[in-house]
Amino acid sequence: MTTVTVRASQTYDVTIGRGLLATVGRTAAACFRGRTAAIVSDTNVAPRYLEAVADSLKGEGFRVCSFVFPAGEEHKNGSTYLNLLEFLAQEHITRADGLIALGGGVVGDLTGFAAATYLRGIAFLQLPTTLLAAVDASVGGKTAIDLEHGKNLAGAFYQPRAVLCDLDTLDTLPEADFADGCAEVIKYGMIGDAGLLNTLETIDLRADPEGVTARCIAHKRDLVEQDEFDTGARQLLNLGHTIGHGVEACSGYQTSHGKAVAIGMTLVTRGAVAAGLCPPEVLPRLEALLARYHLPTATDYAAADLYEKTLSDKKRAGDTLSLVVPTAWGKSVLHPLPVDQLLTWIERGLGQ
């Protein structure tokens, strides 16, 4: 078992290990002043794990209620969010009680935003059940829902009270979902950990899920502690996301987040090579690593369509976008880019 402590506006532990779902009740008892816990999950995760989490909570004397919504990014929207708030009010959840996010990134984002805004803020725990949520979405306090015109455009910075990454949940994860998490792991390497990339080239990530997960979380911890509210260094975590969100939007969110980020990383790296900012040998090495973990490196969407979808990117400030650009194997920088030059970058990323 490994613990990474995050010291942000709320200090909390991220615990990585096996059998942790059985300890949720004990963790909740230490984090919630009240004795009612609302579990939020989706239709993919709830049938597998909700009962075990509820039993753990009941064992510590909690009254438990649950809100389960349809799985999928398309349900991380205002309608589901308001339904969740109404559910919490109906269940008489008080400021002393707490929420528990049981699921992947969609569940964590939605639950966190509800926790940040219901009664102007109540405690919540993150129980990520996917690799992507464990290494990225569950840590750092970004919570959000999607709007029709863009992803994660309504949200809040709101830290959880604790994060429990139970690696047992990864054993039942479909290969496609596991690959999505691998994209975020590779992203951490491309941001600033060449050693992690070298390791991923020689061993399978499943050989050491605890070590790799802890390593990624430690990287995120460091950036969050430097820049909790995402105005500087933390934006490095968006490598591949600007164009990746465009891919997601163009697909009507049928392309998963991890696969879209993999495509985004490839395109931004190819653009960096074309601009003379990145050595040419980095691109084929990145493409080979992504392929090793069953991730795509290309898209058929037109540059103009991808560009249009990126215009609502949260990293845009006026007429400038902060694009995360690889400059070496295991090194990336923030590159201020005039918005009107992004189309050219995307065209170069597509090889046009």
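Since we're looking at a predicted model, the values are computed, not measured.

J.: Can you walk me through the overall build of the protein chain in this structure?
T.: Scanning the protein chain for helices and strands turns up 13 helices and twelve strands. For 352 residues, the compact-globule formula gives about 20 Å, and the C-alpha radius of gyration of the protein chain, at 20 Å, lands near that figure. Look at the contacts in the protein chain between residues 6 or more apart in sequence, and 75% of them connect residues 24 or more apart. Put simply, the protein chain shows about 13600 Å² of open surface, and 50% of that area lies on carbon and sulfur atoms. The distance from the centre of the 30 positive side-chain charges to the centre of the 41 negative ones in the protein chain is 5 Å.

J.: Is there a simple way to think about the environment of L131 in this case?
T.: By the secondary structure assignment, L131 is in helix α5 (residues 131-137). Overall, the relative accessible area of 0% leaves L131 in the buried class. With 36 residues separating them in the primary sequence, L131 and L167 have C-alpha atoms 8.5 Å apart. If sequence neighbours within four positions are ignored, L131 has contacts with L170, L173, F178, G181, C182, V185, L205 and T213.

J.: Hey, could you run me through the packing of helix α9 (residues 241-250) against helix α10 (residues 257-274) in this one?
T.: How two helices pack is summed up by the angle between their axes together with the distance between the axes. Interhelical geometry of α9 versus α10 gives an angle of 130° and a closest axis separation of 7 Å. Here α10 runs oblique to α9, going by the angle between their axes. When the axes of α9 and α10 are compared, the crossing they make is right-handed. In this structure, α9 uses H241, I243, G244, H245, V247 and E248 to contact α10, whose residues at the interface are H257, A260, V261, I263, G264, L267 and V268. Looking at side-chain class alone, the contact of α9 with α10 contains seven nonpolar, five polar and one charged residues.

J.: Before we go on, may I ask you to explain the side chain of K151 in this structure?
T.: In this fold, K151 is placed in strand β8 (residues 150-157). Within the structure, K151 has its side chain in polar contact with the side chain of E248 (distance 2.8 Å).

J.: Help me understand the pairing of strand β4 (residues 63-69), please; the structure alone is not making it clear to me.
T.: Consecutive residues of a regular strand have side chains that alternate between opposite faces of the sheet. Sheet analysis places strand β3 (residues 36-42) next to β4, joined by seven bridges and oriented parallel. By the bridge assignment for β4, S41 is matched with V68. Remark: the β3/helix α2 (residues 46-59)/β4 crossover connection has right-handed handedness.

J.: Quick question: what am I supposed to make of unusual backbone geometry here?
T.: The bulk of non-glycine residues show a negative phi, and the bulk of peptide bonds are trans. The phi torsion at R120 lies on the positive side, around 60°, for a residue other than glycine. Following the sequence through the fold, R120 ends up in the loop between α4 (105-117) and β6 (123-128). Here Y253, not a glycine, exhibits a phi torsion of approximately 65°, which is positive. Position of Y253 among the secondary structure elements: in the loop between α9 and α10.

J.: Help me understand the sheet that holds strand β1 (residues 2-7) in this model?
T.: What holds strands together in a sheet is hydrogen bonding between their backbones, with the strands either parallel or antiparallel. The seven strands lie next to each other as β1-β2-β9-β6-β5-β3-β4, forming an open sheet whose pairing is mixed. Since the sheet does not close on itself, it has two edges, and those belong to β1 and β4, each with one partner. This sheet shows a mean twist of 15° between the axes of neighbouring strands, independent of strand direction. As judged from the six bridges shared by β1 and strand β2 (residues 11-17), these two strands associate in the antiparallel manner. Across the sheet, the residue bridging to T3 is T15, located in β2. Those strands touched by helix α8 (residues 209-226) are β1, β2 and β9 (162-166), and its axis lies near 10° from that of β1.

J.: For this particular structure, what's the right way to read the pattern of salt bridges?
T.: Pairs may arise between side chains of opposite charge once their charged atoms sit close together. Per the counting criterion, the structure on display carries 18 salt bridges. Note that D230 and K142 form a salt bridge whose closest N and O atoms lie 3.0 Å from each other. With D230 in the loop between α8 and α9 and K142 in strand β7 (residues 142-147), the pair connects residues that are 88 residues apart, well separated along the chain. For D230, a relative accessible area of 15% puts it in the buried group. Here K142 falls in the partly exposed class, since its relative accessible area comes to 30%. Residues E248 and K151 are paired through a salt bridge, measuring 2.8 Å at the closest nitrogen-oxygen approach.

J.: Mind showing me how you'd approach helix α1 (residues 24-31) here?
T.: When we look at burial in α1, the residues that qualify are V24, G25, T27, A28 and C31. For α1, the buried positions fall inside an angular range of 160° around the axis, keeping them on one side. The exposed residues of α1 that point more than 90 degrees off its buried face are R26 and A30.

J.: So what exactly am I meant to see when it comes to the nonpolar core here?
T.: Ranked by internal contacts, the top residues of the largest apolar core, which has 67 residues, are V14, V185, I186, L205 and L295. If you tally residues by element for this core, the top one is helix α6 (residues 175-192), at nine residues. Filtering out sequence-adjacent residues up to four positions away, V185 remains in contact with L131, V135, L196, L200, L205, V212 and C216.

Analysis parameters
Residues numbered from 1 in each chain as written. Predicted model: local features only at pLDDT ≥ 70, side-chain atom pairs only at ≥ 80, totals over all residues. Heavy atoms only, no water. Helix = DSSP H or I, 4+ residues; strand = E, 2+ residues; numbered from the N terminus. Rg over C-alpha atoms; globule rule 2.2 N^0.38 Å. Contact = heavy atoms within 4.5 Å. Areas by Shrake-Rupley, 256 points an atom, 1.4 Å probe, with all protein chains shown as cover. Lys, Arg positive; Asp, Glu negative; His and termini not counted. Charge placed at Lys NZ, Arg CZ, Asp CG, Glu CD. Buried < 20%, exposed > 50% of the residue type's maximum accessible area, 1.4 Å probe, protein only. Axes fitted to C-alpha atoms, helices over the stretch in contact; angles between N-to-C directions. Parallel < 35°, antiparallel > 145°, perpendicular 65-115°, else oblique. Left-handed = near helix turned anticlockwise from the far one by under 90°. Nonpolar A, V, L, I, M, F, W, Y, C, P; charged D, E, K, R; others polar. Polar contact = N/O pair within 3.5 Å; in protein donor to acceptor, adjacent residues only side chain to side chain. Pairing = 2+ DSSP bridges. Right-handed = clockwise from strand over helix to strand, strands pointing away. Salt bridge = Lys/Arg side-chain N within 4 Å of Asp/Glu carboxyl O. Arc of directions from axis to C-beta. Core = buried A, V, L, I, M, F, W, Y, C linked by side-chain atoms within 4.5 Å.

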